[in-house]
Each structure stands twice: as structure tokens, then as C-alpha cells.
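Residues per chain are reported as follows:
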Amino acid sequence: MKTRTLPWTPPPAVDVEPLPAGKWWDAVRAAPTVGERALELLGDETGAVIQDKHGPLYWLVAMGSAKSWHLRQVRVLAKLEHESTYLGVPPVSWTEGPRTHWRVPLSANRYLTDAGRLWGALAEADRAEYGRAPEGRQLCYRCKLPTDEPIPVEVEDGRSAVGKVTYACPPHAPLYSKRRPRSLTSAAAAEREGRRSR
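These numbers were taken from a predicted model, which means no experiment stands behind them. (Residues numbered from 1 in each chain as written. Predicted model: local features only at pLDDT ≥ 70, side-chain atom pairs only at ≥ 80, totals over all residues. Heavy atoms only, no water.)

Novice: Would you mind going over the overall build of the protein chain with me for this structure?
Specialist: Counting its regular elements, the protein chain contains three helices and 12 strands. Relative to its full complement of 198 residues, the protein chain shows a buried share of 40%. Taking all contacts inside the protein chain whose residues are at least 6 apart in sequence as the whole, residues at least 24 apart take part in 70%. Summing over all exposed atoms, the protein chain offers an accessible surface of approximately 12200 Å²; the carbon and sulfur share of this is 50%. (Helix = DSSP H or I, 4+ residues; strand = E, 2+ residues; numbered from the N terminus. Buried < 20%, exposed > 50% of the residue type's maximum accessible area, 1.4 Å probe, protein only. Contact = heavy atoms within 4.5 Å. Areas by Shrake-Rupley, 256 points an atom, 1.4 Å probe, with all protein chains shown as cover.)

Take a look at the structure:
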């Protein structure tokens with residue numbers, strides 16, 4: 001039986017080591033909510049995945065395979081023309097949190113994730129978590145600045161907000177609860193039934 005070897009393995013280290021993206025692989029970073037759902041959707045089709053101590057997940061993908069991606073809460077770490085991008089890579093033996101660790105351990109059978117499959121899982125997770133992406137930029141409710149990654153949020157205020165969607169930018173979205181879709185009929189029905197509508 002022939003033993004498969006990896007084209008790349010992390011250098012021996014006793015701690016997380018910053019390694020350059022775009023040298024052996026590119027990395028795709030997803031916020032915890034999107035990343036967890038995408039990991040579940042990929043199942044056995046995922047490659048190795050790093051989870052940092054703050055929760056985001058990082059998939060290793062072939063260099064150049066994810067350059068033009070644009071999804072909410074997803075970033076591609078790749079080699080840039082005038083700038084270096086690094087990913088904190090834990091030792092291979094670190095397979096449990098809460099510190100940065102290999103959420104899906106690196107092995108000969110689990111190395112790079114197919115970029116097309118990863119895109120599909122992340123896009124589906126994005127829609128499931130945040131709903132359909134609005135057209136164009138939206139203003140963040142908190143900082144009042146336009147964002148290309150508007151995330152629908154629930155904001156407590158005394159005014160009726162039926163049919164109105166409030167957005168926040170990625171840094172401010174965690175400060176609010178996630179918006180639950182509400183239609184005029186469901187709000188009216190809740191009021192008629194004497195229960196608080198969401």
C-alpha cells in the first residue's frame with residue numbers, strides 16, 4: 001500500500017505561527033455563524049479547517065481559486081501585489097479548542113477544499129443566515145456609514161417597523177439580535193391574538 005504525502009505541512013512549532021497566504025495555498029475566512037453552517041453543508045467534502053480562538057473558520061484552497069469572491073462575512077487571504085497576508089497556523093497536533101486549532105485536522109486525505117464546493121456552501125450559509133443580499137450598499141444603523149456587506153438586524157425602537165429592514169455593517173452586526181422576517185399579516189395576527197410580535 002502506497003502512503004500519500006502532503007505537498008505541504010506546517011513547520012514544527014510549539015505555538016501558532018504566521019504563514020504567508022499565496023505561497024502554498026490561499027485561505028478563506030468565514031465568520032462563525034456562516035462558517036459553522038458551511039462546514040455542516042460540506043460534510044465529508046471539506047478539506048482541513050483551522051478555527052481561531054475567536055471563532056472564525058479558515059479553509060485552505062488552491063492558490064488563485066477564490067480571488068473574486070464576494071460574500072458577507074467571508075474574506076479571502078491571498079498573496080497581494082504590494083502586501084503580504086498571513087494566516088496563523090497551529091501545530092498539527094492542536095486539534096481541540098478553545099485556542100486556535102485544526103477544527104478539521106490536516107491529513108493526506110484532508111488538505112485543500114475544492115473552491116467550487118466551498119463557494120456553494122458559503123453562499124447557501126450566507127443566504128440562510130442573512131437572507132437575500134440587498135441591491136447596492138446600505139447604511140449601517142449604528143455607524144451610519146455605507147457598507148457593501150449589509151447584515152439584517154433587529155433594532156429595538158418604539159416606531160412601527162413592519163416591512164422595514166434595518167442593516168448593520170459586519171463589525172456592528174453582533175451588537176444586535178438577528179432579524180426574523182415578519183410580514184404585515186403576521187404582525188397584525190399577533191396583535192389581534194394579544195401576543196407580542198417579533
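Novice: Would you explain the nonpolar core in this entry?
Specialist: Judged by nonpolar contacts, the single largest core of 30 residues is most densely connected at Val-28, Trp-59, Trp-69, Val-74, Leu-118 and Leu-122. If you list the elements that add at least two residues to this core, you get strand 2 (26-30), helix 1 (32-42), strand 4 (57-61), helix 2 (115-130) and strand 10 (151-154). In terms of residue count, the dominant contributor to this core is helix 2 (seven residues). Membership of the second largest hydrophobic core comes to 15 residues, among which are Ala-21, Ala-27, Tyr-58 and Leu-60. (Core = buried A, V, L, I, M, F, W, Y, C linked by side-chain atoms within 4.5 Å.)

Novice: Where do I start with the packing of helix 1 against helix 2 in this structure?
Specialist: Describing two packed helices takes the angle between their axes plus the distance from one axis to the other. Taken N-terminus to C-terminus, the directions of helix 1 and helix 2 make an angle of 130°; their axes are 8 Å apart at the nearest point. The angle between the axes of helix 1 and helix 2 places the two elements in the oblique class. Classified by chirality, the crossing of helix 2 by helix 1 is right-handed. Contacts from Thr-33, Val-34, Arg-37, Ala-38, Leu-41 and Leu-42 in helix 1 reach Arg-117, Leu-118, Ala-121, Leu-122, Glu-124, Ala-125, Asp-126, Ala-128, Glu-129 and Tyr-130 in helix 2. Among the residues forming the contact of helix 1 with helix 2, the class breakdown is 10 nonpolar, one polar and five charged. (Axes fitted to C-alpha atoms, helices over the stretch in contact; angles between N-to-C directions. Parallel < 35°, antiparallel > 145°, perpendicular 65-115°, else oblique. Left-handed = near helix turned anticlockwise from the far one by under 90°. Nonpolar A, V, L, I, M, F, W, Y, C, P; charged D, E, K, R; others polar.)

Novice: I would appreciate a short explanation of the packing of aromatic side chains in the present structure.
Specialist: Between two aromatic rings, the relevant description is the distance of the centres plus the angle of the planes. Here the structure, examined in full by the defined rule, presents six aromatic pairs. Between Trp-24 and Trp-25, the aromatic rings sit 6.4 Å apart at their centres with planes inclined by 40°, giving tilted as the arrangement. Taken together, the ring pairs in this structure connect Trp-8, Trp-24, Trp-25 and Tyr-111 into an aromatic cluster. Looking at Arg-99, its charged tip hangs above the ring of Trp-94, at a distance of 3.8 Å from the centre. Here Lys-144 stacks its cationic end above the ring of Tyr-141, 4.6 Å away from the centre of that ring. (Phe/Tyr/Trp six-rings, centres within 6.5 Å; stacked < 30°, edge-to-face > 60°. Lys NZ or Arg CZ within 6 Å of the ring centre and 35° of its normal.)

Novice: Looking at this structure, how should I read the sheet that holds strand 4?
Specialist: In a beta sheet, neighbouring strands pair by backbone hydrogen bonds and run either parallel or antiparallel. Taking strand neighbours across the sheet as the criterion, the five strands line up as 5-2-4-3-7 in an open arrangement whose pairing is antiparallel. Only two strands of the sheet have a single neighbouring strand rather than two, namely strand 5 (74-77) and strand 7 (101-104). Adjacent strand axes in the sheet meet at a mean angle of 30°, parallel and antiparallel pairs treated alike. With five bridges joining them, strand 2 and strand 4 adopt antiparallel strand pairing. By the bridge assignment for strand 4, Ala-30 is matched with Leu-57. The sheet strands contacting helix 1 are strand 2, strand 3 (49-51), strand 4, strand 5 and strand 7, and the helix crosses strand 4 at an angle near 50°. (Pairing = 2+ DSSP bridges.)

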